[in-house]
Amino acid sequence: HYQPMIDLAANRIVGFEALMRWQHPERGFISPGLFIPIAEETGLIVAASQWALREACKALKRIGDRTGHFKDLFMSVNFSSMDFATGTFPEDIANIISSCDIAPEPIHLEITERLLIGQPDRAREALTLCRQAGMGISIDDFGTGYSSLSYLHYFPINILKIDQKFIQEMRRNDGALELVRSIIALGKNMKMKVVAEGVETAEDAQELRVLGCDIAQGYYFAKPMPELDVTKFLREF
């Protein structure tokens, strides 16, 4: 499934986050919270991540071809620390993107702080190669860890994603609001794009607009949806 991401200033769709979904023929919907940890434990996550990237690249091309918006859109795809353990991560990613006949620039690699903590030198080397190839590097759940500030200097990150719990708390908690304000200011000072996750109300969207946040995603705009629904949503938005 793909969740639209909205430019708050222009009020238009600028990209999507690709999210793994499993519709089991007998058990129905199986939560990613259930199957992704198992995939990580067994090592299957590497093949699953590569499959997700390939599908997301193909979907981005098809969505762009159908709507005429291809040049304006990006696709953000999640990766785990195990994906980096292969030692051939940049080459594998570049080969998949190339095989789908799209440029690297609209592909954003979304990573977590846990990945950076686990193997910082290997991650830095791999991410630097990906960044040099033109891909975006997005850090997910920013603000939840202990050493996030040092990452912004050490790793080639150009997109910050503010954890949704801060977004959902900011209208009833001054501390959360100030944290969101600080992250947005930090991102701007470091010439990074800032994305707010978990935007659920018009008030949240307006507050983020006032604070100068670049991009938002969340149920207020759209839930994650299959490719054909995304195409329809993009045409109508």
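Residues numbered from 1 in each chain as written. Predicted model: local features only at pLDDT ≥ 70, side-chain atom pairs only at ≥ 80, totals over all residues. Heavy atoms only, no water.

Take the overall build of the protein next. Of the regular secondary structure elements, the protein holds 11 helices and 10 strands. Along the three orthogonal principal directions, the C-alpha set of the protein runs to about 45 × 40 × 40 Å. Here the protein holds 237 residues, and the buried ones make up 50% of them. For the protein, the share of sequence-separated contacts (at least 6 apart) that also reach a separation of at least 24 residues comes to 66%. Surface accessibility of the protein: about 11,800 Å² in total, with carbon and sulfur atoms responsible for 52%. Counting 25 positive and 32 negative side-chain charges, the protein places the averaged centre of each group 4 Å from the other. (Helix = DSSP H or I, 4+ residues; strand = E, 2+ residues; numbered from the N terminus. Buried < 20%, exposed > 50% of the residue type's maximum accessible area, 1.4 Å probe, protein only. Contact = heavy atoms within 4.5 Å. Areas by Shrake-Rupley, 256 points an atom, 1.4 Å probe, with all protein chains shown as cover. Lys, Arg positive; Asp, Glu negative; His and termini not counted. Charge placed at Lys NZ, Arg CZ, Asp CG, Glu CD.)

Moving on: the environment of Asn95. Inspection of the secondary structure puts Asn95 in helix H4 (residues 89-99). When the C-alpha atoms of Asn95 and Arg54 are compared, they prove to be 9.8 Å apart, with 41 residues separating the residues in sequence.

In this section: the sheet that holds strand E6 (residues 107-111). The strands that make up a sheet are held in pairs by hydrogen bonds between backbone atoms, and each pair lies either parallel or antiparallel. Read around the barrel, 8 strands follow the order E1-E2-E5-E6-E7-E8-E9-E10 and close on themselves; strand pairing throughout is mixed. Bridge count between E6 and strand E7 (residues 136-142): 4 bridges; the pairing is parallel. Looking at the pairing, Glu110 lines up with Ser138 of E7. Along the sheet, helix H2 (residues 45-67) contacts strand E1 (2-7), strand E2 (12-18), strand E5 (74-78) and E6; its crossing angle with E5, the most-contacted strand, is approximately 165°. Along the sheet, helix H6 (residues 120-132) makes contact with E6 and E7, crossing E7 at roughly 130°. (Pairing = 2+ DSSP bridges. Axes fitted to C-alpha atoms, helices over the stretch in contact; angles between N-to-C directions.)

On to the pattern of salt bridges. Enumeration according to the criterion identifies 11 salt bridges in this entry. Salt-bridge contacts for Lys161 lead to Glu197; the nearest nitrogen and oxygen are separated by 3.6 Å. Separated by 36 residues along the polypeptide, Lys161 in strand E8 (residues 159-162) and Glu197 in the loop between strand E9 (193-196) and helix H10 (202-211) bring together distant segments of the chain. Pair check on accessibility: Lys161 and Glu197 agree, each one buried. Connected through salt bridges with shared partners, the residues Glu17, Glu110, Lys161 and Glu197 form a single ionic network. (Salt bridge = Lys/Arg side-chain N within 4 Å of Asp/Glu carboxyl O.)

The next subject is the packing of aromatic side chains. One pass over the full model with this rule turns up 7 aromatic pairs. With centroids separated by 5.6 Å and ring planes inclined at 85°, the aromatic side chains of Trp22 and Phe35 adopt a geometry described as edge-to-face. Taken together, the residues span a long stretch of sequence, with Trp22 in strand E3 (residues 22-24) and Phe35 in helix H1 (residues 32-42) at a distance of 13 residues. By relative accessible area, Trp22 is classed as partly exposed at 39%. Centre to centre, the rings of Tyr154 and Phe155 are 4.9 Å apart; their planes meet at 85°, and the pair counts as edge-to-face. The ring centre of Tyr154 lies 4.1 Å from the NZ or CZ of Arg124, which sits over that ring. (Phe/Tyr/Trp six-rings, centres within 6.5 Å; stacked < 30°, edge-to-face > 60°. Lys NZ or Arg CZ within 6 Å of the ring centre and 35° of its normal.)

Bringing the pairing of E7 into the picture now. Of all 7 residues making up E7, 6 are buried, and the element is well covered by its neighbours. One ladder, built from 3 bridges, connects E7 with E8; its direction is parallel. Bridge pairing links Ile139 to Leu160 in E8.

Judged by nonpolar contacts, the single largest core of 65 residues is most densely connected at Leu116, Ile157 and Leu208. It is H2 that provides the largest number of residues to this core, a total of 6 residues. With sequence-adjacent residues up to four places away left out, Leu208 is seen in contact with Leu8, Ile167, Met170, Val180, Ile184, Ala196, Val199 and Cys213. Counting residues in hydrophobic clusters, the runner-up holds 6 residues, among them Met5, Ile159, Val195 and Ile215. (Core = buried A, V, L, I, M, F, W, Y, C linked by side-chain atoms within 4.5 Å.)

What follows covers the side chain of Asp204. Tracing the sequence through the fold places Asp204 in helix H10. A relative accessible area of 4% means that Asp204 is categorised as buried. Excluding anything up to four places from it in sequence, Asp204 contacts Ile167, Met170, Arg171 and Val199.

Turning to unusual backbone geometry, a few remarks are in order. Both trends apply: most residues other than glycine have a negative phi, and most peptide bonds are in trans. Phi at Asn11 takes a positive value of approximately 55°, unusual for a residue other than glycine. With respect to the helices, strands and loops of the structure, Asn11 is situated in the loop between E1 and E2. The phi torsion at Asp141 lies on the positive side, around 55°, for a residue other than glycine. Tracing the chain through its elements places Asp141 in strand E7. Under the relative-accessibility criterion, Asp141 is labelled partly exposed at 29%.

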